[in-house]
Amino acid sequence: MEDKNLVVIDGSSLIYRAFYALPHLTTSSGLPTGAALGFLNMVLKLLDDYHPFNIIVAFDHPQKTFRHQLQESYKAQRKPMPDELKPQIEIVKELLKLMNFGVLEMPGWEGDDLMGSVKERASSDFQIFLVTSDLDMLQLLDEKTLLLQPYRGVTNLKKISLKEFQKEWGISPKQWVDVLSLSGDPSDNISGVPGIGEKTAVKLVKQFGNWEGILENLSLLPPKIREAIENNRDKVEENRELITLEKNLPIDLEIKAWRWEEIDKSKLFPKLEALEFRKVKERLSKSRVINHSLFSQ
């Protein structure tokens, strides 16, 4: 049986990206909608391009996570959410639910952990596409899991497969955690070992297999690198906890086939009209369904 495509989106990351990458549109009443429209257009393009069995979108919860407790500086460099973005997150969640897509959010956990848990829960007959700009998600790649990384806005996506990852880095996705733990992850304000950048971290992980292997062979390292690692051992251990994604959260999720005919258009279309997303409404109104998932003009 052919694998079914399951698209899992990093909702918080992608709506932020849409907010900063796209024009700041508003309705005639002044409601900000640019990021929401960009996000919705990305979802529709994913439908067209990947014919998914369903789409699941995971959001960060406002409550702090164990990572913030472990390290106060975790994501501390990020600016407060812009006032114009706050209502758009709720708009996106409402539209996703009206379109019968899965929406996940859990207190104390990030969307990345929810995505990892969806991947773990999904049956083996799914081909999973993780849509995110966070490259720590590369640790989840395998033969059945690919990453779609946005570039130039939110609708242009670069596909990264396990084969492509291994060709570029020469390591396994599981080893990626140790690379980031050594070199740091600026996107989450995680500092690495001073003097060890990404290339050196990859070289060390290739040579010794993992963090434990590096520790067991410190005597083989150049003096400066050995000293840096010895002085920052606790930092690397902490980084590994921060970067490793949870994959066994008790998510409430039933993955059902998405069908256009099951959507309540009497609720969806008025909402699109109220948001002045008239082109989206027109597109959906004229579409026909193929195999339950793809819009065809």
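Residues numbered from 1 in each chain as written. Predicted model: local features only at pLDDT ≥ 70, side-chain atom pairs only at ≥ 80, totals over all residues. Heavy atoms only, no water.

Colleague: I tried to follow the sheet that holds strand 5 (residues 145-150) on my own but got confused; where do I start?
Modeller: Two strands in a sheet stick together by hydrogen bonds in their backbones, pointing the same way (parallel) or opposite ways (antiparallel). The strand order 3-2-1-4-5-6 describes an open sheet built from six strands, whose pairing is mixed. With partners counted over all chains shown, the strands left at the sheet margins are strand 3 (102-104) and strand 6 (157-160), one partner each. Pairs of neighbouring strands in the sheet enclose a mean axial angle of 25 degrees, with direction left out of account. For strand 1 (residues 4-10) and strand 2 (residues 54-58), the ladder comprises five bridges, and the chain directions are parallel. Residue pairing for strand 2: Val-8 is matched across the bridge by Ile-56. Packing against the sheet, helix 5 (residues 111-121) makes contact with strand 1, strand 2, strand 3, strand 4 (126-131) and strand 5, and its axis sits at approximately 165 degrees to strand 1. (Pairing = 2+ DSSP bridges. Helix = DSSP H or I, 4+ residues; strand = E, 2+ residues; numbered from the N terminus. Axes fitted to C-alpha atoms, helices over the stretch in contact; angles between N-to-C directions. Contact = heavy atoms within 4.5 Å.)

Colleague: For this particular structure, what's the right way to read the packing of aromatic side chains?
Modeller: The description of an aromatic ring pair rests on the distance of the ring centres and on the angle between the ring planes. Here the structure, examined in full by the defined rule, presents eight aromatic pairs. Taken together, a centroid distance of 5.3 Å and an interplanar angle of 65 degrees make the contact between Phe-53 and Phe-126 edge-to-face. Note that Phe-53 is positioned in the loop between helix 2 (34-50) and strand 2 and Phe-126 in strand 4, a separation of 73 residues in sequence. Its relative accessible area of 22% is what places Phe-53 among the partly exposed residues. Taking the centre distance of 5.4 Å and the plane angle of 15 degrees together, the rings of Phe-101 and Trp-258 count as stacked. A residue pair is termed long-range when its members are at least 10 positions apart, and Phe-101 in the loop between helix 4 (86-98) and strand 3 and Trp-258 in the loop between helix 11 (233-243) and helix 12 (265-274) qualify at 157 residues. The side chain of Lys-4 reaches across the aromatic face of Phe-53, ending 5.2 Å from its centre. Across the ring face of Phe-59, the terminal group of Lys-93 is positioned such that the distance to the ring centre comes to 5.1 Å. (Phe/Tyr/Trp six-rings, centres within 6.5 Å; stacked < 30°, edge-to-face > 60°. Buried < 20%, exposed > 50% of the residue type's maximum accessible area, 1.4 Å probe, protein only. Lys NZ or Arg CZ within 6 Å of the ring centre and 35° of its normal.)

Colleague: Sorry if this is basic, but what is going on with the environment of Leu-44 here?
Modeller: In this fold, Leu-44 is placed in helix 2. The class for Leu-44 is buried, based on a relative accessible area of 0%. Between the C-alpha atom of Leu-44 and that of Phe-19, which follows or precedes it by 25 residues, the distance is 18 Å.

Colleague: Help me understand the confidence of the model for the protein chain in this model?
Modeller: Here the protein chain shows a mean pLDDT of 89. Residues at 70 or above account for 91%. A low-confidence stretch, residues 289-297 (pLDDT under 50), is modelled with 31 contacts involving residues beyond four sequence positions or located in other chains. (pLDDT = per-residue confidence, 0-100.)

Colleague: What is the right way to look at the pattern of salt bridges in this model?
Modeller: Pairing between side chains of opposite charge can happen when the charged atoms of each approach one another. Summed over all chains, the structure comprises twelve salt bridges. Note that Asp-83 and Lys-86 form a salt bridge whose closest N and O atoms lie 3.7 Å from each other. Residue class for Asp-83 comes out exposed when judged on its relative accessible area of 58%. With its nearest N and O atoms 2.6 Å apart, the salt bridge here joins Lys-119 to Asp-142. Here the residue Lys-119 occupies a position in helix 5, and Asp-142 occupies one in the loop between strand 4 and strand 5, the gap between them amounting to 23 residues. Judged by its relative accessible area of 14%, Lys-119 is buried. Among the residues examined, Asp-142 registers a relative accessible area of 25% and is labelled partly exposed. Through salt bridges with shared partners, a single ionic network connects Glu-90, Lys-93 and Glu-105. (Salt bridge = Lys/Arg side-chain N within 4 Å of Asp/Glu carboxyl O.)

Colleague: Explanation requested: unusual backbone geometry in the structure shown.
Modeller: The phi dihedral of Asn-100 falls on the positive side, at around 65 degrees, and the residue is not glycine. When its relative accessible area of 34% is taken as the criterion, Asn-100 is described as partly exposed. The backbone of Glu-276 sits at a positive phi, close to 65 degrees, despite the residue not being glycine. Within the element layout of this structure, Glu-276 appears in the loop between helix 12 and helix 13 (278-286).

Colleague: For this particular structure, what's the right way to read the packing of helix 2 against helix 13?
Modeller: Helix packing geometry: the angle between the two helix axes and the distance between the axes. The interhelical angle for the contact between helix 2 and helix 13, taken along N-to-C directions, is 25 degrees, at an axis separation of 11 Å. The angle between the axes of helix 2 and helix 13 places the two elements in the roughly parallel class. Viewed along their axes, helix 2 and helix 13 form a crossing whose handedness is left-handed. In this structure, helix 2 contributes Leu-37, Leu-40, Asn-41, Leu-44 and Asp-48 to the contact, and helix 13 contributes Val-280, Arg-283 and Leu-284. (Parallel < 35°, antiparallel > 145°, perpendicular 65-115°, else oblique. Left-handed = near helix turned anticlockwise from the far one by under 90°.)

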